[in-house]
Structures are given as structure tokens and as C-alpha cells.
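# A look at the structure
Spelled out, the chains give:
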Amino acid sequence: MTRRLSVAERLASTEKDALLDDIAKHSEWDRFLVEQAVLHFGERYITFSCNQIREVMPDLGPGLLGAVINSLRTAGIIAHTGQMVPSTQENTHGHRIAVWQLTPKGRVIVAQRRAARTQQGRAA
């Protein structure tokens, strides 16, 4: 027998679907921009959080940063350190967010990017 959803559960599901639709509407450029920011912070700092990334990013709307972070985690490029810090975003009221670090796979990507920049500098 299938359990029927309550009104609150149906509304929450509808809101989640709307958020996912909004995230999917972002351009490839927006996702690329967030990915590059994550790689930049991973290269410059041992650990980082979304607080640091949000400080340098334009407002891309709700959900995109988290979705990109999750995709980078799933791809094995970043990993959760086990640490949490309070969010600096006002509407979150200081809830705790993850602290991340690059994985060995992420460090290889950063090294390849650095080598490509060096080659471009020599060619110019």
C-alpha cells in the first residue's frame, strides 16, 4: 500500500522541484564560473567553505553553488574535511556548512591548469 503525502510534504516537494528547475536554467558559464572559483580556492588554501566562494562570486541565485559543490564532490574533485563552520549568508541564520579540500584528483586538475597558464605565458 502506498503512503499518501501530507499537504506539507506535497508543498515541500513542489518547492524543491521549482528550485531544481531554477538551478537547471543556469547557463553552462555560471556552472563553469563556480567550478573555477572552487579550483582557485582549493589551489590557494588547504581548506575552504562556500562562505569564501560567495564573497567573490556574483549572486547566481539560490541552489547553484550547492549543486556545483555537490557535483564536484561526486566527481571526486573535492572532499568534505569533516569540519563545519557557520554560514555567513544572512538568510541561513548561521547554520553550519561544510569545509572542503581538494582530493588528489582535484590537485592533478589544478596542476594541469597551472602548467597550461605557464605555457600560455611563455607563448605570449
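Reference entry: report on the structure contained in this document.

## Comments concerning the overall build of the chain
Helix and strand counts for the chain stand at five helices and three strands. Scanning the chain from its N terminus toward the C terminus, one meets helices and strands in the order α-α-β-α-α-β-β-α. Relative to its 124 residues, the chain shows a buried fraction of 27%. As displayed, the chain has an accessible area near 8700 Å², and 56% of this comes from carbon and sulfur atoms.

## Some points on the sheet that holds strand β1 (residues 48–49)
Pairing between the strands of a sheet comes from backbone hydrogen bonds, and it takes one of two forms, parallel or antiparallel. Taken in spatial order, the three strands make up an open sheet running β1-β3-β2, and their pairing is antiparallel. Of all strands in the sheet, those bounded by a partner on one side alone are β1 and β2 (78–86). Two strands pair when backbone bridges link them, and β1 and strand β3 (residues 96–102) are joined in this way by two bridges, in the antiparallel orientation. The partner of S49 across the bridge, within β3, is V99.

## Side note on the packing of helix α2 (residues 28–44) against helix α4 (residues 64–74)
As a packed pair, α2 and α4 sit with axes 10 Å apart at the nearest point and diverge in direction by 65°. Considering only the axes of α2 and α4, their crossing is right-handed. Here D30, R31, V34, E35 and V38 of α2 lie close against α4, whose contacting residues are L64, L65, V68, I69 and L72.

## Some words on the side chain of N51
Here N51 lies in helix α3 (residues 50–56). The exposure class assigned to N51 is buried, which follows from its relative accessible area of 8%. Among the polar contacts listed, one links the side chain of N51 to the side chain of R54, at a separation of 2.7 Å. If near-sequence neighbours (up to four positions away) are discounted, N51 is found in contact with V85, P86, S87, T88 and I97.

What counts and how
Residues numbered from 1 in each chain as written. Predicted model: local features only at pLDDT ≥ 70, side-chain atom pairs only at ≥ 80, totals over all residues. Heavy atoms only, no water. Helix = DSSP H or I, 4+ residues; strand = E, 2+ residues; numbered from the N terminus. Buried < 20%, exposed > 50% of the residue type's maximum accessible area, 1.4 Å probe, protein only. Areas by Shrake-Rupley, 256 points an atom, 1.4 Å probe, with all protein chains shown as cover. Pairing = 2+ DSSP bridges. Axes fitted to C-alpha atoms, helices over the stretch in contact; angles between N-to-C directions. Left-handed = near helix turned anticlockwise from the far one by under 90°. Contact = heavy atoms within 4.5 Å. Polar contact = N/O pair within 3.5 Å; in protein donor to acceptor, adjacent residues only side chain to side chain.

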